[in-house]
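Chain and residue survey
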Amino acid sequence: MKSNKPKTTRSLLAALALCAGLLGRAEEQPQPIDGVLTFDVPEGAVVRYAEPLGADIRQLVKIGAGTLVVTNDANGAFLGTVEVRAGILEAQSALTTTLNVLGSRAENTITVSEGAQLLARIPIQGQFTKRFPNNLVLAGNGPDGRGALLFVRSGGSSWNNDHLFSNVTLAGDAGVNMMWGGRMGFDGRLDFNSHTLTYRSYASETSDSLIFSGSQTVFRNGHLKVVNGGGVTWQGTKTFEGGPDCTVTIGQGGKLDLWGAAFAGDLWTFVFEEGTFLRMGAGTKASENILPMPIRLDGNVTVGNYMSTANMRTTLSGTLAGAGRLTMAATSKNAALWLTGTANDGWSGGLSANAGTVWATVPGSLGTGPLRAAGGTLNLYGGTITGNTGAG
């Protein structure tokens, strides 16, 4: 029988029925099977999960190219594991002091597979240090190229906060990154497994810094690279395993900031590329930073202060090599750079003192390159160069 309803009314009812069906399906949540809760989120879709991760869940699995957003801040007691096999798993917290949505205990292992990403979105208020004891297993650079681990600040005006992960293992070469300010880093064990961990900074996010804090950080057998002009900050004692064949590379335009850092163990080689910066800490943070590791200068490096009031001393006591030039450009005349290595014959780039003072009073510490004082002072084992006089 032919309906008497106008076509527009029939179309509207059909559309409402379709929307109701879609909404009903969107509200449906998967149930754990044998303790495994699996979300298969298709590409382009975003699914939010606000339910608690209860005792009946021993594993959370994310598959599919879409995004799963987990938001329940009461999951601190969750003891299960998390696997991000594809797409993005976003841990979104409303708390400023902790990240509980995927558990907050050392028993939690979060594994991020090649091509997937763990995104930690945390509000920032004030200045504080937040530590995450979860075991992270990382591989790849994520589906968007911004890392297997991505930290995103949500709200707040202060960027001087440390969000530190305590236990990280690489299952392959992996990338980490952060967005919109804040500082992400590590204060515990980093097992590189002969792989490379890359921090790739983005030009619009200049306040970001990858930080290595505390005195319990251990670097095991691999490579760390800072690229795209990123900054990295070192505080406290760092212990290395693997020796000089392992490397820390500060890429072109990047910065290495030292705040009372100390280095121990089987030291890695530090590599500085063109246009990089080695900056000293300030105030009462420390009076001296000593770098005993081998240093290779693949490009010209500027040494200076992190703050203009700093009265700091940085000592390079390891072997210097490469064709890069060292330029002292401290913002405080009291800042000093000491070269105390005795086997720097493989360093040919030369030395400039544009400000502050450079001390090279040990035979073998100067390398084979030209020396110049242009506003600063060079104190050498063969004499002193000051003012605008060039030598060598």
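Throughout, residues of each chain are indexed from 1 in the direction in which the sequence is written. Residues qualify for local features only when their pLDDT is at least 70, as the model is predicted, and side-chain atom pairs are given and counted only at 80 or more; totals for whole chains, interfaces and linings, by contrast, use all residues. Water and hydrogen atoms play no part in the side-chain values, which are based on all heavy atoms of the structure.

1. What about the overall build of the chain?
Comment: elements are numbered from the N terminus, with helices defined as DSSP H or I runs of at least four residues and strands as E runs of at least two. Of regular secondary structure, the chain possesses 1 helix and 34 strands. Three exposure classes are used, based on accessible area relative to the maximum for each residue type with a 1.4 Å probe and protein chains only: buried under 20%, partly exposed in between, and exposed over 50%. Relative to its full complement of 392 residues, the chain shows a buried share of 51%. Every residue pair with non-hydrogen atoms within 4.5 Å of one another is taken to be in contact. Taking all contacts inside the chain whose residues are at least 6 apart in sequence as the whole, residues at least 24 apart take part in 58%.

2. Some words on the nonpolar core
Core analysis: the largest hydrophobic core is formed by 87 residues, its most contacted members being Leu102, Leu138, Trp234, Phe263, Phe270 and Leu326. Ranked by residues supplied to this core, first place goes to strand β11 (residues 162–179) with 6 residues. Residues enter a nonpolar core if they are buried and are Ala, Val, Leu, Ile, Met, Phe, Trp, Tyr or Cys, with the set joined through side-chain atoms within 4.5 Å. Within the second largest apolar cluster, 5 residues are counted, among which are Ile88, Leu119, Val152 and Met179.

3. Re the pairing of strand β19 (residues 255–265)
Only when DSSP finds a minimum of two bridges between them are two strands counted as paired. Looking at chain direction, strand β17 (residues 231–241) and β19 are connected through 9 bridges and run parallel. Pairing of Thr233 across the sheet is with Asp257, part of β19. One ladder, built from 4 bridges, connects β19 with strand β21 (residues 276–280); its direction is parallel. When the sheet's bridge partners are listed, Asp257 is paired in β21 with Arg279.

4. Observations concerning the packing of aromatic side chains
The description of an aromatic ring pair uses the distance of the two centres, along with the angle that the planes make with each other. Working definition: rings of Phe, Tyr and Trp (its six-membered ring) pair if their centres are within 6.5 Å, and the pair is stacked with planes under 30 degrees apart, edge-to-face with planes over 60 apart, and tilted otherwise. Scanning the model with the defined rule gives 17 aromatic pairs in all. A centroid spacing of 4.8 Å and a plane angle of 10° characterise the contact between Trp338 and Trp359, whose relative ring orientation is stacked. Here Trp338 is found in strand β28 (residues 336–339), whereas its partner Trp359 is found in strand β30 (residues 357–360), with 21 residues between them in sequence. An aromatic cluster is present here, built from Phe186, Phe192, Phe212, Phe219, Trp234, Phe240, Phe263, Trp268 and Phe270 joined pairwise through their rings. The ring of Trp338 carries Arg313 above its face, with NZ or CZ at 3.9 Å from the centroid. Should the NZ of a Lys or the CZ of an Arg lie within 6 Å of a ring centre and within 35 degrees of the ring normal, that charge is described as sitting over the ring.

5. Some thoughts on the pattern of salt bridges
We define a salt bridge as a contact between a side-chain nitrogen of Lys or Arg and a carboxyl oxygen of Asp or Glu at a distance within 4 Å. Per the stated rule, a full pass over the model turns up 5 salt bridges. In this structure, Asp257 engages Arg279 in a salt bridge whose closest nitrogen and oxygen atoms are separated by 2.6 Å. Here Arg279 lies in strand β21 and Asp257 lies in strand β19, a separation of 22 residues in the sequence.

6. Quick word on unusual backbone geometry
One non-glycine residue with positive phi stands out, namely Asn193, at about 55°. At Asn221, a position not held by glycine, the phi torsion is positive, near 50°. You can see Asn221 is positioned in the loop between β15 (217–220) and β16 (223–227). On the accessibility criterion, Asn221 (35% relative accessible area) is partly exposed.

7. Quick notes on the side chain of Asn72
Along the chain, Asn72 turns up in the loop between β4 (67–70) and β5 (81–84). Under the relative-accessibility criterion, Asn72 is labelled buried at 15%. Of note is the side chain of Asn72, whose polar atom sits 2.8 Å from the backbone oxygen of Ala50. Contact partners of Asn72, with chain neighbours within four places excluded, come to Tyr49, Ala50, Glu51, Pro52, Asn100 and Val101. Definition of a polar contact: a pair of N or O atoms within 3.5 Å, with one able to donate and the other able to accept a hydrogen when the atoms are protein atoms, and with sequence-neighbouring residues admitted only if both atoms are side-chain atoms.

8. Focus: the confidence of the model for the chain
The predictor's confidence in any single residue is recorded as pLDDT, a number from 0 to 100. Summarising the model, the chain shows a mean pLDDT of 82, and 79% of its residues fall at 70 or more. Low pLDDT (under 50) marks residues 12–26, which in the prediction has 1 contact with non-local residues, meaning those over four places away or in another chain.

9. Side note on the side chain of Asn134
If you trace the backbone, Asn134 turns up in strand β9 (residues 129–140). Of the residues examined, Asn134 reaches a relative accessible area of 6% and is grouped as buried. Within the structure, Asn134 has its side chain in polar contact with the backbone oxygen of Gly103 (distance 2.9 Å). Those residues in contact with Asn134, other than ones at most four positions away along the chain, are Leu102, Gly103, Ser104, Arg105, Asn108, Ile110 and Asn167.

10. Observations regarding the environment of Gly324
Mapped onto the elements of the fold, Gly324 is located in the loop between β26 (320–322) and β27 (326–328). A relative accessible area of 1% means that Gly324 is categorised as buried. Once the C-alpha coordinates of Gly324 and Leu351 are considered, the two residues, 27 residues apart in sequence, prove to be 9.2 Å apart. Apart from the residues within four sequence positions on either side, Gly324 is in contact with Leu297, Gly299, Asn300, Trp347, Gly349 and Gly350.

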